[in-house]
Amino acid sequence: MQHFTVPPGQHQLPPLPYPYNALEPVISESTLRIHHDKHHKSYVDGLNRAELKLVEARQRRDFSLIKHWERELAFHGSGHILHSVYWTIMTSPGRGLQPGTHTQNQINKYFGSFAAFEEQLTQATVDVEASGWGILVWQPAWRRLEILTAEKHQNLTQWGATPILVIDVWEHAYYLDYQNRRSDYVKAFWNLINWAEVENRLLYAMQGQLPLLASTY
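Quick caveat: nothing in here was measured; it's all calculated off a predicted structure.

## Describing the overall build of the protein chain
The helix and strand tally for the protein chain stands at 7 helices and 3 strands. When the helices and strands of the protein chain are listed from N to C terminus, the series reads α-α-α-α-β-β-β-α-α-α. Taken over the C-alpha trace, the protein chain has a radius of gyration of 17 Å; the compact-globule value for 217 residues is 17 Å, and the two agree within 12%. Seen through its C-alpha atoms, the protein chain measures out along the principal axes to roughly 55 × 40 × 35 Å. With 217 residues in all, the protein chain has 48% of them scored as buried. In the protein chain, the proportion of contacts linking residues at least 24 apart, taken out of those at least 6 apart, comes to 69%. Of the roughly 11200 Å² that the protein chain leaves accessible, carbon and sulfur atoms contribute 52%.

## Description of the pairing of strand β2 (residues 144-151)
The two faces of a sheet get side chains in turn, since along a regular strand they alternate between them. Both strand β1 (residues 132-139) and β2 contribute to a ladder of 8 bridges, which runs antiparallel. Bridge assignment links Trp 133 to a residue of β2, and that residue is Ala 150. Here β1 folds back onto β2, and the loop between the two strands holds 4 residues, one of which, Arg 143, carries a positive phi near 60°.

## Structural notes on the UniProt feature "domain: Manganese/iron superoxide dismutase C-terminal" (unreviewed entry) in the protein chain
Feature annotation in UniProt places "domain: Manganese/iron superoxide dismutase C-terminal" (unreviewed entry) on residues 102-201, given in this structure's numbering. Taken end to end, residues 102-201 is 42% helix and 23% strand, and its first and last C-alpha atoms sit 11 Å apart.

## Comments concerning the UniProt feature "domain: Manganese/iron superoxide dismutase N-terminal" (unreviewed entry) in the protein chain
UniProt tags residues 10-90 as "domain: Manganese/iron superoxide dismutase N-terminal" (unreviewed entry). Counting secondary structure, residues 10-90 comes out at 68% helix and 0% strand; the distance between its end C-alpha atoms is 26 Å.

## Focus on the pattern of salt bridges
In this structure the tally under the stated criterion is 6 salt bridges. Note that Glu 29 and Arg 33 form a salt bridge whose closest N and O atoms lie 3.1 Å from each other. Within this pair, Glu 29 and its partner Arg 33 are both found in helix α1 (residues 29-60), separated by 4 residues, close to a single helical turn. For Glu 29, a relative accessible area of 28% puts it in the partly exposed group.

## What about the side chain of His 153?
Following the sequence through the fold, His 153 ends up in the loop between β2 and β3 (162-168). Accessibility expressed as a relative area gives 4% for His 153, which makes it buried.

## A look at the sheet that holds β1
Taken together, the 3 strands give an open sheet; going across it, the order is β2-β1-β3, and neighbouring strands pair in antiparallel fashion. At either margin of the open sheet sits one strand with a lone partner, and together these are β2 and β3. Taken over all neighbouring pairs, the strand axes of this sheet differ in orientation by 20° on average, direction set aside.

About the thresholds
- Residues numbered from 1 in each chain as written.
- Predicted model: local features only at pLDDT ≥ 70, side-chain atom pairs only at ≥ 80, totals over all residues.
- Heavy atoms only, no water.
- Helix = DSSP H or I, 4+ residues; strand = E, 2+ residues; numbered from the N terminus.
- Rg over C-alpha atoms; globule rule 2.2 N^0.38 Å.
- Buried < 20%, exposed > 50% of the residue type's maximum accessible area, 1.4 Å probe, protein only.
- Contact = heavy atoms within 4.5 Å.
- Areas by Shrake-Rupley, 256 points an atom, 1.4 Å probe, with all protein chains shown as cover.
- Pairing = 2+ DSSP bridges.
- UniProt positions renumbered as here; feature names shortened; annotations may be inferred.
- Salt bridge = Lys/Arg side-chain N within 4 Å of Asp/Glu carboxyl O.
- Axes fitted to C-alpha atoms, helices over the stretch in contact; angles between N-to-C directions.

Structure, rendered in structure tokens:
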């Protein structure tokens, strides 16, 4: 994995690691195109804009709009990170195999069983208030996995937690395909999970790393 510093305002939309129709019938090509090309791009643009405005504020020593730009930084930056992870942990239906050894061991160690973990993450995600995410994280402070939810992209997190598996339940992620049937979308999402990628992300997270592109370990 490459390590480099992203200069202010230089974040880029990552390419999808599969064709636009690769997730059908769970997620349609039209939903994926709009979600990736429009919505994720807007978070990248918003993050770049916020960073450049803060560079300008530092140069001018003018922090009169600091509350606004810090809020934009959190919202768009978190949106960019979560979407980048989201694309990589999906694959064509039925091709995601089984959880890797480390993932399965950590799930069993904390949640008791895979079934209990799946049920908790599913229900937590379905019950997210308004727009947000269900997230499996590695929490380095506890040295174990945890399930969190996020309202918007940035609210209700734990400091230090690294997302390794995320489920987007903003309406733009599923409404064209499922209308108001969020629970149907979340249940179908399990058929898309790329467990090899989740395993890689867990191993990286244990080392304090968070790749934004599909990872190899």
